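Residue-level structural notes
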Amino acid sequence: MADFPYRLREDATPTMGLIVLRVDETIEDEFRRYIPPDDARMHVTRVHSGDDLTPSSIAEMERALSGAAALLPPAAKFDVVGYGCTSGAALIGSDEVRANVMAGVTTRHVTDPLSAALAAIADLGLERVGIVSPYVASVAEPLRAAFVAEGITVPATLSFGEEAEARVARIDPASIAEAARSLAGQARLDGIFLSCTNLRTQGILPGLRAELGTPVLSSNQALAWHMRKLAGIAAPG
């Protein structure tokens, strides 16, 4: 059988990689809305993570990051790779996340929801930001500390006190919206950050912004925005 001749073609569409926690049931669905296929080619890999998010399980995940990144297609020319864990980035540190990811895959940029949120907050000129987190204090507190370390005042925080990721993924978006409203009533805020890529927030953000009259950011929204920016893709109209 003779070989049929063919041509190779490089795709000019920006290429992104996304490292998703084993237990995350939300980020991929929301990313399809924030970054549709016509805007970028998206390759997804999973990193081993515990059923509960704790400092111990995050430490274990850190050790698995390079291996998860290495499972992304080696021939792809990545413009940006995102690590999809807000609390993980806060506890591990964005510099360490970047080093671990780049040890496994070649990419121009690496980002995470914490880095993305800080970039978005700076872009919007926000100074006083409230945080809604699903997690227990040992996981939620490092995120607040990371904001404060960057000069952001955090007048109020609110947590659902949850550890189990299976429950986090099923928190009613209406409950998340109620938490944001409660937070806005506790202190004068320039903006609100809804932390965690496993929270279902995409559908409630526009209504909350209009209702509260202030920017309301989420982990998935901020990460997608930052990945688009680093890849040179204009924000959707």
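Quick look at the structure, then.

What counts, and at which threshold
- Residues numbered from 1 in each chain as written.
- Predicted model: local features only at pLDDT ≥ 70, side-chain atom pairs only at ≥ 80, totals over all residues.
- Heavy atoms only, no water.
- Phe/Tyr/Trp six-rings, centres within 6.5 Å; stacked < 30°, edge-to-face > 60°.
- Helix = DSSP H or I, 4+ residues; strand = E, 2+ residues; numbered from the N terminus.
- Buried < 20%, exposed > 50% of the residue type's maximum accessible area, 1.4 Å probe, protein only.
- Salt bridge = Lys/Arg side-chain N within 4 Å of Asp/Glu carboxyl O.
- Expected span 1.5 Å × (residues − 1).
- Arc of directions from axis to C-beta.
- Contact = heavy atoms within 4.5 Å.
- 1 Å grid on protein atoms, 1.4 Å probe; cavity = no way out; pocket = protein on both sides within 12 Å on 5 of 7 lines; lining within 4 Å.
- Points joined across faces, edges and corners; volume = space filled by probe spheres on them.
- Nonpolar A, V, L, I, M, F, W, Y, C, P; charged D, E, K, R; others polar.

This next bit is on the packing of aromatic side chains. Here a ring pair, both rings aromatic, is described through the centre-centre distance and the interplanar angle of the planes. All told, the structure shown has 1 aromatic pair when counted by the stated rule. Their ring planes at 35 degrees and their centres at 5.7 Å tell us that Phe147 and Phe193 sit as a pair that is tilted. Taken as a pair, Phe147 in helix α6 (residues 137–149) and Phe193 in strand β7 (residues 191–194) lie far apart in primary sequence, 46 residues in all. By relative accessible area, which is 0% here, Phe147 ends up buried. The class of Phe193 is buried, set by a relative accessible area of 0%.

Right, let's get into the pattern of salt bridges. Should the charged atoms of two oppositely charged side chains come close, the side chains can pair. Scanning all chains against the criterion turns up 11 salt bridges. The partner of Arg33 in a salt bridge is Asp29, with the nearest N and O atoms 3.4 Å apart. Placement of both Arg33 and Asp29 in helix α1 (residues 27–34) is noted, with a separation of 4 residues, approximately one turn of the helix. You can call Arg33 exposed: its relative accessible area is 53%. Between Glu162 and Arg167 there is a salt bridge; the shortest N-O distance is 3.0 Å. Relative accessible area serves as the criterion here: at 55%, Arg167 is assigned to the exposed category. Overlapping salt bridges bring together Glu178, Arg181 and Glu211 as one network.

What follows deals with the side chain of His226. Inspection of the secondary structure puts His226 in helix α10 (residues 219–231). Owing to a relative accessible area of 12%, His226 belongs among the buried residues under this scheme.

Between its first and last C-alpha atoms α6 spans 18 Å; for 13 residues at 1.5 Å apiece the expected length is 18 Å, and the two agree. Every buried residue of α6 is accounted for by Val139, Ala140, Pro142, Leu143, Ala146 and Phe147. The buried side chains of α6 occupy one side of the element, clustering within an arc of 155 degrees when seen end-on. Opposite the packed face of α6, turned more than 90 degrees from it, sit the exposed residues Ala137 and Ala149. In this structure, the buried residues of α6 make contact with α2 (55–70), α3 (86–92), α5 (113–124), β5 (129–135) and β7. Where α6 terminates, the next one or two residues include Gly151, which has phi positive at roughly 85 degrees.

Take empty space enclosed by the protein next. Unoccupied space between atoms shows up once a probe the size of one water molecule is rolled over them. A complete count under the given rule lists 1 cavity of 30 Å³ or more for this structure. In this structure, the largest cavity spans a volume of roughly 80 Å³. Considering the residues around the largest cavity, the lining is formed by 14 residues, among which Cys85, Tyr135, Glu165, Cys196 and Thr197 are closest to the centre. Split by residue class, the lining of the largest cavity holds 6 nonpolar, 6 polar and 2 charged.

The values reported here are purely geometric and, on their own, carry no functional implication.
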